[in-house]
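# Structural characterization, general
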Amino acid sequence: MIKQAVLILFLTLTVLLTQCTGTDSDIYARITFRCDLTDNRTIVWLEVDNSLSSNYIRNINNKQEYDVPLFVNSVGSTIILKGVYMIAFDGTAHFADGSTAKVRYTGNSSIETAIQLLDDDFVILNLDYIK
């Protein structure tokens, strides 16, 4: 009787443990962003101050925020929880000739314009110059 109970317990635990083998890739996605400017200049480096509340990658369901990544040669990537996001930020773009410019992204800054990020995605962010 005890052997049967131990066997049943062992089989039950085996089934339960093998059913909970999800990976981080099931709930997280690696998102790669590319920043484009209206004049097609390549941003060598984009500096974003993530301490400002107006700079965010925000999950609209759980309100979790992620830092805007470092952009090198117009490309930056981050790992986030899969979901629907609002994205907005201001930054300083540094160019190959040594010049800089203030830039802004507001393309997904509201719930109405939020973007679904559910897989490992490549997202183009069309930046505007700020005067």
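A brief look at the structure comes next.

Conventions adopted
- Residues numbered from 1 in each chain as written.
- Predicted model: local features only at pLDDT ≥ 70, side-chain atom pairs only at ≥ 80, totals over all residues.
- Heavy atoms only, no water.
- Buried < 20%, exposed > 50% of the residue type's maximum accessible area, 1.4 Å probe, protein only.
- Helix = DSSP H or I, 4+ residues; strand = E, 2+ residues; numbered from the N terminus.
- Salt bridge = Lys/Arg side-chain N within 4 Å of Asp/Glu carboxyl O.
- Core = buried A, V, L, I, M, F, W, Y, C linked by side-chain atoms within 4.5 Å.
- Contact = heavy atoms within 4.5 Å.
- Patch = residues over 30% accessible without salt bridge, like charges linked within 9 Å, V, L, I, M, F, W, Y side chains within 5 Å.
- Areas by Shrake-Rupley, 256 points an atom, 1.4 Å probe, with all protein chains shown as cover.
- Phe/Tyr/Trp six-rings, centres within 6.5 Å; stacked < 30°, edge-to-face > 60°.
- Lys NZ or Arg CZ within 6 Å of the ring centre and 35° of its normal.
- Pairing = 2+ DSSP bridges.

This part is about unusual backbone geometry. Working note: non-glycine residues mostly have negative phi, and peptide bonds are mostly trans. Positive phi outside glycine occurs at Asn40, with the angle close to 65°. Accessibility expressed as a relative area gives 68% for Asn40, which makes it exposed. The backbone of Asn73 shows a phi angle near 55°, a positive value even though the residue is not glycine. Within the element layout of this structure, Asn73 appears in the loop between β5 (71-72) and β6 (75-81).

Turning next to the pattern of salt bridges. Pairing is possible between side chains that carry opposite charge, provided their charged atoms lie close to one another. Taken as a whole, this structure holds 4 salt bridges when the rule is applied. With a closest N to O distance of 3.4 Å, Arg41 and Asp97 form a salt bridge. Placement of Arg41 in the loop between β1 (28-37) and β2 (45-47) and of Asp97 in the loop between β7 (83-94) and β8 (100-108) is noted, with a sequence separation of 56 residues between them. For Asp90, the salt bridge goes to Arg104, with nearest N and O atoms at 2.6 Å. A residue pair is termed long-range when its members are at least 10 positions apart, and Asp90 in strand β7 and Arg104 in strand β8 qualify at 14 residues. Arg104 sits in the partly exposed class, given a relative accessible area of 35%.

This next bit is on the nonpolar core. Counting 26 residues, the largest nonpolar core has Leu46, Phe89, Leu125 and Leu127 as the members making the most contacts within it. Elements represented by at least two residues in this core include exactly β1, β7, β8, β9 (115-117) and β10 (122-129). In contact with Leu127, other than residues within four places in its own chain, are Cys35, Asp36, Leu37, Thr38, Ile43, Leu46, Phe89, Val103, Arg104 and Tyr105.

Below, the discussion takes up a nonpolar patch on the surface. Nonpolar side chains collect at one region of the surface, where Val44, Trp45, Leu70 and Val72 lie side by side and expose about 340 Å² of accessible area between them. Inspection of the secondary structure assignment puts Val44 in the loop between β1 and β2.

All right, on to the packing of aromatic side chains then. The full count for this structure, using the stated rule, is 3 aromatic pairs. Arranged with centres 6.1 Å apart and planes meeting at 25°, the rings of Phe71 and Phe89 form a pair that is stacked. In this pair, Phe71 sits in strand β5 while Phe89 sits in strand β7, placing the two residues 18 residues apart along the sequence. Each member of the pair, Phe71 together with Phe89, is buried. A network of ring pairs unites the aromatic residues Phe71, Phe89 and Tyr105 as a single cluster. Directly above the aromatic system of Phe95 lies the positively charged group of Arg41, at a separation of 3.6 Å from the ring centroid. Just above the ring of Tyr56 sits the side chain of Arg58; from NZ or CZ to the centre is 4.0 Å.

The alternating pattern of strand β3 (residues 56-59) places Tyr56 and Arg58 on one face and Ile57 and Asn59 on the opposite face, and all of these are buried. Strand direction decides the pairing type here: β3 and β7, joined by 4 bridges, are antiparallel. Opposite Arg58, over in β7, you have Met86 as the bridge partner. In terms of strand pairing, β3 meets strand β4 (residues 65-66) through 2 bridges, oriented antiparallel. Residue pairing in the sheet places Arg58 in a bridge with Glu65 of β4.

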